[in-house]
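In case you want the letters, here they are:
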Amino acid sequence: MQTLSLRINGRERSFFIEDDETLARVLREKAQLPGTKIGCEQGSCGACTVLVNGRSTMSCITPALKCQGADVVTIEGIADGNSLHHVQQSFIDHGALQCGYCTPGLIVTACAFLEKNPHPTRAEIAEAISGNLCRCTGYQKIIDAIEAASTYLTATPSPVSMPSRNETFDIIGKRRPLLDSRKKVTGEAQFTDDIFVPNALFCAFLRSSEPHATIESIDTSVALVMPGVRAVATGRDLPETFGVLPLSQDQAAMAVEKVRFIGEIVAAVAAETEKEAKEAIKKIVVRYRPIPTAFNWKEALQPTDPAALIHSHSAKHGCNLHKQAEMNFGDPSVSEAASGGALSSTMEFDFPGINHAFLEPHAAIAKWDDHDGLTLTSATQVPHYTQRALAKVLHLPLEKVRVIKPFVGSGFGGKSDPFPHEMIVSYFAIKTGRPVRTRLSREEVFLTNHGRHPTHLSLTASMDPSGKLLGTNADIVIDGGAYGSFGVVTTYYNGILLQAPYDLKHYGFRTRRVYTNKPACGAMRGHGAVNPRFAMEVVLDDLAHKSGIDPCDLRLQNLL
Ligand code: FES
Ligand code: FES
């Protein structure tokens, strides 16, 4: 332990800190200034930006001891009391924020930049904020806001305002600020991990090192007696399965008898501190017996020995098929017709999986009391799904489970499912009688995934010589990873959203979703629609190219 003395937002502060503590941790946990966000903790996203002696600095990779005697300004120190800084006001006026998780870092960066360069070009602004990622807003409005902020110094801005009680409904065409924008530009908006809960334990997870294996044994005896450890759990403590869809209740909070992907949670520890929980995790010993794997759709569709199936319920298919859907409207075979001068195009597509990369990592805090039951605060998009899953897994009546969604640092579908870590912190809260919290690292966020399905798609479409579309037919395989998530729905969406705005009397699709030994895929932005819609437009371009019809005309004459 060492003493760190520095000035934060104009106030002298001193803390006892460990040698390896970062400035971000000290600001958030010791100075209790959670406006400084943690998005990646590896210097990639800029969410943790603060000013150190006037320079914008990524506090997550800055050793706190390097700031001995420094002057540090966080987002909480940018406004002057009730008066917002002109950059904050400009962000509100220009709608330069949505979820607000990136906003403190961006505003701090912009303040430091405008201090040095009060009248920048747009290119200079873009360069200045290139270390700050925003996943919601797009950078156009952010650049607009920073550009305009420079003029606020010389001209009186006319900020957009909330409608007053006396105002009529004459608000069409007028800019209105996001209702919660002031909280977001000042750092007051509290996301799950920003909420201070006294006496909380921290929960850490042991994750599988094997993609597909039987668990032969788990030895938690050493972990249980490590300093600070209050509870250890394995899959056998929470064997009830859950899933977002009633049809796909195929996942347990922790692997019970086998693991299905690298990164699946095998055991968990609740301890007094994060450090102690993570130290104890290292002492859990798991013995695995590997099982043959399937890593892509081709391998998953190969005939598979029942003992090597990822889920036994796929046995009826003889391979790792999860779900198939086939629908035909009219006669989809006309998509292949080449009679009467009709043109046909068949193309194949392979789309990779994509992760949402939302800026706020998953986080959750569980509290239990015998009278009110369980309260879970979580970075979730859909509290009622989580409530139902918690009640099922923990065998609690629904009215004894309350789920709170505070500010959420974007999700794009990736925070729609109930998640294992939410079940586990809740279990520990009940078991220990103490609040239990967790926040996943960026690596754990990627291992948790539930992003867009990797997709193999073959599409055929035809049109008559005048450019009238005749029909389409598609064969689609989506790689679902190890668990169901939203996949049954995605299987249909890939087919039924394919033709979208076009007037087609004949279309059909066959879609298959397979299990593979990777993190589960689920809902992501335009869930199930983006890949097939892209494919459809490319095939239309091909038909336009072959026929010599202008691609825009081709589309216009086929619109519904
Ligand atoms: Fe520090 Fe991402 S750069 S949290
Ligand atoms: Fe930028 Fe959400 S507003 S990440």
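Residues numbered from 1 in each chain as written. Chains lettered and ligands numbered in written order. Predicted model: local features only at pLDDT ≥ 70, side-chain atom pairs only at ≥ 80, totals over all residues. Heavy atoms only, no water.

1. With respect to the pattern of salt bridges
Pairing between side chains of opposite charge can happen when the charged atoms of each approach one another. This structure, assessed with the given rule, holds 32 salt bridges. Between glutamate 147 and arginine 122 there is a salt bridge, with its nearest N and O atoms 2.7 Å apart. Separated by 25 residues along the polypeptide, glutamate 147 in helix α5 (residues 139-152) and arginine 122 in helix α4 (residues 122-128) bring together distant segments of the chain. The class for arginine 122 is partly exposed, based on a relative accessible area of 28%. In this structure, the salt-bridge partner of lysine 518 is aspartate 479, at a minimum N-O distance of 2.5 Å. In this pair, lysine 518 is assigned in the loop between β20 (506-514) and α14 (530-547) and aspartate 479 in strand β19 (residues 469-479), connecting sequence segments 39 residues apart. (Salt bridge = Lys/Arg side-chain N within 4 Å of Asp/Glu carboxyl O. Helix = DSSP H or I, 4+ residues; strand = E, 2+ residues; numbered from the N terminus. Buried < 20%, exposed > 50% of the residue type's maximum accessible area, 1.4 Å probe, protein only.)

2. Comments concerning the packing of helix α3 (residues 103-116) against α5
In a packed pair of helices, the relevant descriptors are the angle between the two axes and the axis-to-axis distance. Remark: α3 packs on α5, axes separated minimally by 11 Å, with the N-to-C direction vectors making an angle of 40°. Overall, the two elements α3 and α5 adopt an arrangement that is oblique. In the packing of α3 onto α5, the handedness of the crossing is right-handed. Across the interface between the two elements, Leu106, Ala110 and Leu114 of α3 pack against Ile142, Ile146, Ala149 and Ser150 of α5. Grouping the amino acids of the contact of α3 with α5 by side-chain chemistry returns six nonpolar, one polar and no charged. (Axes fitted to C-alpha atoms, helices over the stretch in contact; angles between N-to-C directions. Parallel < 35°, antiparallel > 145°, perpendicular 65-115°, else oblique. Left-handed = near helix turned anticlockwise from the far one by under 90°. Contact = heavy atoms within 4.5 Å. Nonpolar A, V, L, I, M, F, W, Y, C, P; charged D, E, K, R; others polar.)

3. Overview of unusual backbone geometry
The backbone of alanine 357 shows a phi angle near 50°, a positive value even though the residue is not glycine. Examined against the element boundaries, alanine 357 turns out to sit in the loop between β13 (343-351) and β14 (363-369). Positive phi, close to 55°, is recorded for phenylalanine 412, a residue that is not glycine. Along the polypeptide, phenylalanine 412 turns up in the loop between β16 (401-404) and α11 (420-432).

4. As for the sheet that holds strand β6 (residues 201-207)
Ordered in space as β8-β10-β6-β17-β14-β15-β16, the seven strands form an open sheet in which the pairing is mixed. Pairing within the sheet leaves two strands with one partner each, and these edge strands are β8 (229-234) and β16. Mean inter-strand twist for the sheet, computed between neighbouring axes without regard to direction, equals 20°. As paired elements, strand β15 (residues 373-378) and β16 share four bridges and run parallel to each other. Across the sheet, threonine 377 pairs through a bridge with isoleucine 404, a residue of β16. Running over the sheet, helix α8 (residues 274-281) touches β6, β8 and β10 (265-271) and is turned about 25° from β6. Contacts from α11 reach β6, β8, β10, β14, β15 and β17 (436-439), with the element oriented near 30° to β14. (Pairing = 2+ DSSP bridges.)

5. Side note on the packing of helix α2 (residues 86-93) against α5
The contact between α2 and α5 brings their axes to 8 Å, and the two run at 135°. As summarised for this structure, α2 and α5 are arranged oblique, according to the angle between their axes. Crossing of α2 against α5: the hand is right-handed. Contacts from His86, Val87, Gln89, Ser90, Phe91 and Asp93 of α2 reach α5 at Ile142, Ala145, Ile146, Ala148, Ala149 and Tyr152. Class assignment for the residues of the contact of α2 with α5 results in eight nonpolar, three polar and one charged.

6. Focus: the pairing of β19
With eight of eleven residues buried, β19 is to be regarded as a mostly interior element. For strand β18 (residues 455-463) and β19, the ladder comprises nine bridges, and the chain directions are antiparallel. Paired with histidine 456 across the two strands is valine 477, which belongs to β19. The turn linking β18 back onto β19 is made up of five residues, and glycine 467 within it adopts a positive phi angle of 100°. Handedness of the crossover joining β19 and β20 through helix α13 (residues 487-496): right-handed. (Right-handed = clockwise from strand over helix to strand, strands pointing away.)

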